[in-house]
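# Geometric and topological summary
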Amino acid sequence: LADLLGAAVGCSRPISELGWEPHSRQIGQTGKGVSPRVYFALGISGAMQHMCAVNADIVIAVNRDPKAPIMEMADYAVVADLKEFMPRLIEKMKAWKAEKQA
Ligand SMILES: Cc1cc2nc3c(=O)[nH]c(=O)nc-3n(C[C@H](O)[C@H](O)[C@H](O)COP(=O)(O)OP(=O)(O)OC[C@H]3O[C@@H](n4cnc5c(N)ncnc54)[C@H](O)[C@@H]3O)c2cc1C
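Described below are features of the structure shown in this document. (Residues numbered from 1 in each chain as written. Predicted model: local features only at pLDDT ≥ 70, side-chain atom pairs only at ≥ 80, totals over all residues. Heavy atoms only, no water.)

Let us look at the overall build of the chain. Helix and strand counts for the chain come out as 5 helices and 3 strands. Put simply, the chain runs from its N terminus to its C terminus through helices and strands in the order α-α-β-α-β-α-β-α. Relative to its full complement of 102 residues, the chain shows a buried share of 29%. A separation of at least 24 residues holds for 23% of the contacts in the chain among residues at least 6 apart in sequence. Entry remark: accessible area of the chain is about 7200 Å², with carbon and sulfur atoms responsible for 53%. Taken as two groups, the 12 positive and 11 negative side-chain charges of the chain have centres that lie 3 Å from each other. (Helix = DSSP H or I, 4+ residues; strand = E, 2+ residues; numbered from the N terminus. Buried < 20%, exposed > 50% of the residue type's maximum accessible area, 1.4 Å probe, protein only. Contact = heavy atoms within 4.5 Å. Areas by Shrake-Rupley, 256 points an atom, 1.4 Å probe, with all protein chains shown as cover. Lys, Arg positive; Asp, Glu negative; His and termini not counted. Charge placed at Lys NZ, Arg CZ, Asp CG, Glu CD.)

See the structure below:
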């Protein structure tokens, strides 16, 4: 999705602690601050230590838990499992881009 959008990828602390992304990509109190036009919170709970460093025009959250705190903070909140939602969103985005370029 980031490649399609020309977007940067950030992560939360558990992800950098697991070594899935380097600490340089961690957003939050003990990471970096970001000010994007659009912030996709994909499987982000919405902890203050993370969100305090997000200064976005628009927050789009996808989370399978409708009660996750991020759902209250987001401008657009989608209740879905990422494993099902992301491949579909990426396919739609590819189709939209191809249509735009045609
Ligand atoms: C002193 C201190 C400093 C900290 N500094 C930072 C910091 O700099 N940055 C930071 O990020 N955190 C920081 N933290 C940790 C912070 O408090 C949270 O624990 C952390 O942000 C949680 O990350 P998360 O939302 O990715 O993970 P989780 O809290 O584990 O949440 C995962 C979310 O993803 C959802 N989810 C899981 N699987 C799926 C799926 N398949 N489909 C859809 N949704 C799914 C869950 O419902 C859940 O809401 C700090 C904590 C302390 C005490």
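As a further point, take the site of the ligand. The local shell around the ligand holds 22 residues, among which S12, I27, T30, S45 and N63 are the closest. Measuring from an oxygen atom of the ligand, one finds a backbone N or O atom of S45 at 2.7 Å. Within the side chain of N63, one N or O atom sits 2.7 Å away from an oxygen atom of the ligand. Starting from 980 Å² of accessible surface for the ligand in isolation, the protein chains cover 70%. (Near = heavy atom within 4 Å. Polar contact = N/O pair within 3.5 Å; in protein donor to acceptor, adjacent residues only side chain to side chain.)

A separate point is the sheet that holds strand β1 (residues 38-42). If you walk across this open sheet you meet the 3 strands as β1-β2-β3, and the pairing is parallel. A single partner strand is all that each edge strand has here, and the edge strands are β1 and β3 (76-79). Neighbouring strand axes in the sheet, compared pairwise and without regard to direction, differ in orientation by 10 degrees on average. Where strand β2 (residues 58-63) lies against β3, 4 bridges are found, and the strand directions are parallel. Paired with A61 across the two strands is A77, which belongs to β3. (Pairing = 2+ DSSP bridges. Axes fitted to C-alpha atoms, helices over the stretch in contact; angles between N-to-C directions.)

So, on to the layout of surface pockets. Volume-wise, the largest pocket comes out at about 1000 Å³. Forming the boundary of the largest pocket are 28 residues, of which A8, V9, G10, F40 and L42 lie nearest the centre. Of all the elements in the fold, those that place two or more residues in the lining of the largest pocket are α1 (2-5), β1 and α5 (82-101). A per-element tally of the lining of the largest pocket places β1 first, with 4 residues. Here the lining of the largest pocket is composed, by residue class, of 19 nonpolar, 5 polar and 4 charged. As a volume, the second largest pocket reaches approximately 210 Å³. Along the wall of the second largest pocket there are 14 residues; nearest its centre are R13, P14, A47, Q49 and H50. Broken down by class, the residue content of the lining of the second largest pocket amounts to 4 nonpolar, 9 polar and 1 charged. (1 Å grid on protein atoms, 1.4 Å probe; cavity = no way out; pocket = protein on both sides within 12 Å on 5 of 7 lines; lining within 4 Å. Points joined across faces, edges and corners; volume = space filled by probe spheres on them. Nonpolar A, V, L, I, M, F, W, Y, C, P; charged D, E, K, R; others polar.)

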